[in-house]
Every structure is written in C-alpha cells, then in structure tokens.
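Residue-level listing of the chains:
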Amino acid sequence: MLFRCLNCRGKLQLLSQCRGYAEGIQGKPKLEPFVSINNVDYARDNYTNVTPKILSYLGRNLHREKYHPISFVKRRIENYFYKNFIGRRGNPMFSMHDNLNPVVSVESNFDNLLIPADHVSRQKGDCYYINKNYLLRAHTTAHQFDLIKMGLDHFIVTGDVYRRDEIDSTHFPVFHQSDAVRLFTREQLAAVAGHEIEPFELNGIENEEKQAQHTLEASKLIEKELKSTLLSLIFNIFGGEMPHRWVDVYFPFTHPSWELEIEHNGTWMEVLGCGVMRQDIIKRAGAGDRICWAFGMGLERLAMHLYKIPDIRLFWSKDSGFLSQFNVDDPNVNITYKPVSVYPQLTNDLSFWLPVDREYCSNDFYDLVRDIGGNIVEQINLVDEFRHPKTGKVSHCYRIVYRHMEKTLTQEEVNEVHFKLRQAVVDVLNGAVR
Ligand code: FA5
Ligand code: MG
C-alpha cells in the first residue's frame, strides 16, 4: 500500500521509498488518521483497506463520459426504458440516477438488503472499506432501499462499484452496474395480468418458486414480466436474439433469484442478477403494499460483448487509439473495436512465506500488485501453495502476467516493477520473499 509518512510529511509513496523510514531517523511511519474523499474525512480504523490506487478511480465516471463505451451501454439501457415504459400522461415511468455518491454506509450496502452479519460478501477480503461504517459500494443495489423509502417506484441507478476480486480479462476491482427496480401496485399488477390478481397471502410458506408473503400466481407473474423485460432489453442492446440461459441463484435480497448468462467467446458469461425483491425490505422501506422486481447488470461485460473489446482494462485507457473509436454522437451506432495492436506478455513468478503475525488473504497481494504495477498487470494466479512440514509456515507462489495495452513492455521495465513488488511484500505484507 502507498502511504503518506506523517513523520516526513512527504508525498504518497511506497514504504521502501520513504527517506525517513529508510534512514531509521523517524522510527516507523504512521498512516494519516483520515481517509479524505470528496472533501469528507473518514477516520481510519482496523477496517480501512481502501488503497490510494483504488481511490484514484473515484471521479473518473466512465458512465457519464460523453464518448465512452460504458456510457453508451448505460444510454442504451436508459433509452430502452424511456421508450418502452411510458406513463399515462406520456411521461417516462422510470427515473434515472447516475450521480449518487459511491461512498455508502454498511447499512445501505448490506443491512438494509438483509445480507446477514456473517455473509462472505461483507468480508474485508472482498470489499473496499473506508472504515467499519463506510465502504465503496460493492453494488448499485446499495441505493435501492433509500430510493424506495424516498417514494420512488420505478428507477434505474447506474454507477461505479468496487470489489476486491480476482484479476483476469472479465474482472476488474472497479466496474459499473445498472440496477433497476419496478414496484407494482395492485392496479399495475392487474394491468399486466389482464385481470384482478391477489399479490399477498397470510400464513403462506416459502418454497423454490415464491416467498411466504406472496401468492404463487403473483410471484410467477412478476418472474415472467421481469424475465421478458430483461430479454427484450438485452436483445435490444445487441440488435437481435442471441444464445442465453437463466441460472437459478441465491441473493439475500431477492427470492426467487436468477442470473442471465450469454454466450461469449465460446463460454457462458454472466451479465446480470435479478429476482423478486424480498417483501421484508419493501415493507421496511414503507411500500409493503407493493410487490417488486429488481435487477443489477454489469456494464463492462455487456460492452465487451457488444463492441468486441477483449480486455476489461481497456475501458480505463486514456489512449486516443482506444477512445477515438468511440467518438460518435449516437450511442446506437454499431462499432467493432479494432485492437491498436496486440503487445506481447511478460511473465514473472514471485514466491514468499506468508506473514505469521497477521491475517493474510490473496486479495491483499492483488491490491499490492495493483498499487505498484497499475494497469500493466493483466493476470495473477496463485500457482503453488506449500506448507513447511516442520515449521508449519505457508508459502504462496504467484504467477504475474504483465502486458501493456498500448506498447511493448521491456523486460527491464517489468523487472523494475517486480523488484518494487518484492520489496513491498516484505515492507507492507510482512512476508518473506523466497
Ligand atoms: C449483484 O451485484 C447484485 N447486486 C445484482 C442484483 C441486483 C440481484 C438486484 C438481484 C436484484 P453480482 O455480484 O452477480 O450481483 O453482479 C452483477 C453483475 O455485475 C454480474 O452479473 C457481472 O455482469 C458484473 N460483475 C460482477 N463482478 C464483476 C467484476 N469484478 N468485474 C466486472 N463485472 C462484474
Ligand atoms: Mg453473480
């Protein structure tokens, strides 16, 4: 992790490069006691794991850039809803929200969505916490409860989301999602069904097809309406039907729940999650007399398929070779990305003994590699794990693939990064390089 040495009052830098630390004059450097985001200071605590590298993505707002594939996909989604969901007075039914603060409370991201206290998705290893009360939103679903509580019943939220995830061509720690919510009154449900229909039942039981509070008929109708809306949206974005499949899944905030997968480069790629929203959430948000569907989709994955963009890192490129290909006013124009050229990969391995005096997970190493290597890191794989039979110490060997998106990397450039990385494993993670 990069840090600012309080003793030196220096710039953000690696521990190994801090003069005060290296000379041993000032003792161990301390971290700033606050993380400052958009002029708000958040007190650090033992949850803080957000890194300066990750914070540097805040404010890039690719989804609001005029000429960018991510904003094109966002506009295709919004236009679909503007065109196909029109109120009685000719007004658009769905309101659009793409400028909500990515810093959210733990209640918004988890508690309000009934995500249990011990759920894996809350772990420090999976999220970027600012402190124990705030984090960078891990999904745009974090805003659903508050917006329903404000009285909205048809809305779409688009924004940047942050996860400590693996590194490969379809995963990146910062990506974009569009979440939608549609609440139905009794009248709206009847209008969709074509006849009166009872949404709720007392003393019902939950099964695979419905929640306890819902009638089977209402749950099935919402499922049908949700799935047909989504398929119609996806076919509209891609300009026609395409191979797809629905997969039954579990989300704490919806039941039943599904993911939609589309065929991408010969394999199935998941593009969205959705379901019938938990009635307890809607009730707590003050709209318990409605029944509701919700979905959340990843914009990068859709854009990769749509424009044949081979690697998720390209979206962050500031290179005109990439951006100029999307310099069109109409987001519906067909564009096929032409690789500027493909530059060779360079691979280096790094093995080290894990620290014994603190918790460690591979995501800690991935963050360190991101901090130091930035976007020239294409992929990291844990290729070997070894436990010493006598000492019980564990070592990990990671294979790091480096590739620049816009130029050929030299072995010297990679060696320099790799050297800094070895140093940081010792200084920051307290690992012992083998
Ligand atoms: C969610 O985030 C749920 N909040 C979606 C949801 C909303 C379900 C409302 C029900 C109701 P999931 O973790 O599966 O679900 O992510 C949703 C989509 O985001 C994925 O299908 C994928 O398209 C995209 N996605 C997830 N992780 C990454 C990543 N690391 N990089 C790029 N895209 C990602
Ligand atoms: Mg998923």
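Treat the numbers as computed from the prediction; the structure is a model and nothing was measured.

Participant: I would appreciate a short explanation of the site of ligand 1 in the present structure.
Facilitator: Taken together, the neighbourhood of ligand 1 is formed by 26 residues, with His 139, Thr 141, Arg 163, Asp 165 and Glu 270 sitting nearest. Contact between ligand 1 and Arg 163: an oxygen atom at 2.9 Å from a side-chain N or O atom of the residue. For ligand 1, an oxygen atom lies 3.2 Å from a polar atom in the side chain of Gln 177. In isolation ligand 1 offers 690 Å² of accessible surface; the protein chains occlude 94% of this area. When contributions to the shell around ligand 1 are tallied by element, the ones reaching two or more residues are strand S7 (174-184), strand S9 (254-264), strand S10 (267-277) and strand S11 (291-298). For the shell around ligand 1, the element with the highest residue contribution is S10, accounting for 5 residues. Here the residues of the shell around ligand 1 are counted per class, giving 10 nonpolar, 10 polar and 6 charged.

Participant: Help me understand unusual backbone geometry in this model?
Facilitator: One can expect most non-glycine residues to show negative phi and most peptide bonds to be in trans. At the junction of His 255 and Pro 256, the peptide bond is cis and its omega measures out at -10° in the coordinates. Take Pro 256: it is sitting in strand S9. The phi dihedral of Asn 38 falls on the positive side, at around 45°, and the residue is not glycine. As for its position among the elements, Asn 38 is in the loop between strand S1 (34-37) and strand S2 (40-43). Judged by its relative accessible area of 58%, Asn 38 falls in the exposed class. For Asn 430, which is not glycine, the phi torsion reads 60° and is therefore positive. For Asn 430, the location among the structural elements is in the loop between helix H12 (411-427) and strand S15 (432-433). With a relative accessible area of 36%, Asn 430 lands in the partly exposed category.

Participant: What am I meant to see in the UniProt feature "domain: Aminoacyl-transfer RNA synthetases class-II family profile" (unreviewed entry) in the protein here?
Facilitator: In the UniProt entry, the feature "domain: Aminoacyl-transfer RNA synthetases class-II family profile" (unreviewed entry) is given for residues 73-331. Helix makes up 28% of residues 73-331 and strand makes up 26%, while its end C-alpha atoms are separated by 8 Å.

Participant: Explain the side chain of His 176 here, please?
Facilitator: With respect to the helices and strands, His 176 occurs in strand S7. A distance of 2.8 Å separates a polar atom in the side chain of His 176 from a polar atom in the side chain of Glu 300. Discounting chain neighbours no more than four positions away, the residues touching His 176 are Leu 62, His 63, Ile 70, Gly 159, Asp 160, Met 297, Gly 298, Leu 299, Glu 300 and Trp 316.

Participant: Just to check I follow, could you spell out the sheet that holds strand S14 (residues 394-402) for this structure?
Facilitator: Pairing between the strands of a sheet comes from backbone hydrogen bonds, and it takes one of two forms, parallel or antiparallel. As summarised here, the arrangement of the 4 strands in space is S13-S14-S12-S15, forming an open sheet in which the pairing is antiparallel. Two strands close off the open sheet at either side, each with one partner strand: strand S13 (377-387) and S15. As judged from the 8 bridges shared by strand S12 (residues 346-353) and S14, these two strands associate in the antiparallel manner. The partner of Thr 347 across the bridge, within S14, is Val 401. With respect to the sheet, H12 is in contact with S12, S14 and S15, its orientation differing from that of S12 by roughly 15°.

Rules and cut-offs
- Residues numbered from 1 in each chain as written.
- Chains lettered and ligands numbered in written order.
- Predicted model: local features only at pLDDT ≥ 70, side-chain atom pairs only at ≥ 80, totals over all residues.
- Heavy atoms only, no water.
- Near = heavy atom within 4 Å.
- Polar contact = N/O pair within 3.5 Å; in protein donor to acceptor, adjacent residues only side chain to side chain.
- Areas by Shrake-Rupley, 256 points an atom, 1.4 Å probe, with all protein chains shown as cover.
- Helix = DSSP H or I, 4+ residues; strand = E, 2+ residues; numbered from the N terminus.
- Nonpolar A, V, L, I, M, F, W, Y, C, P; charged D, E, K, R; others polar.
- Buried < 20%, exposed > 50% of the residue type's maximum accessible area, 1.4 Å probe, protein only.
- UniProt positions renumbered as here; feature names shortened; annotations may be inferred.
- Contact = heavy atoms within 4.5 Å.
- Pairing = 2+ DSSP bridges.
- Axes fitted to C-alpha atoms, helices over the stretch in contact; angles between N-to-C directions.

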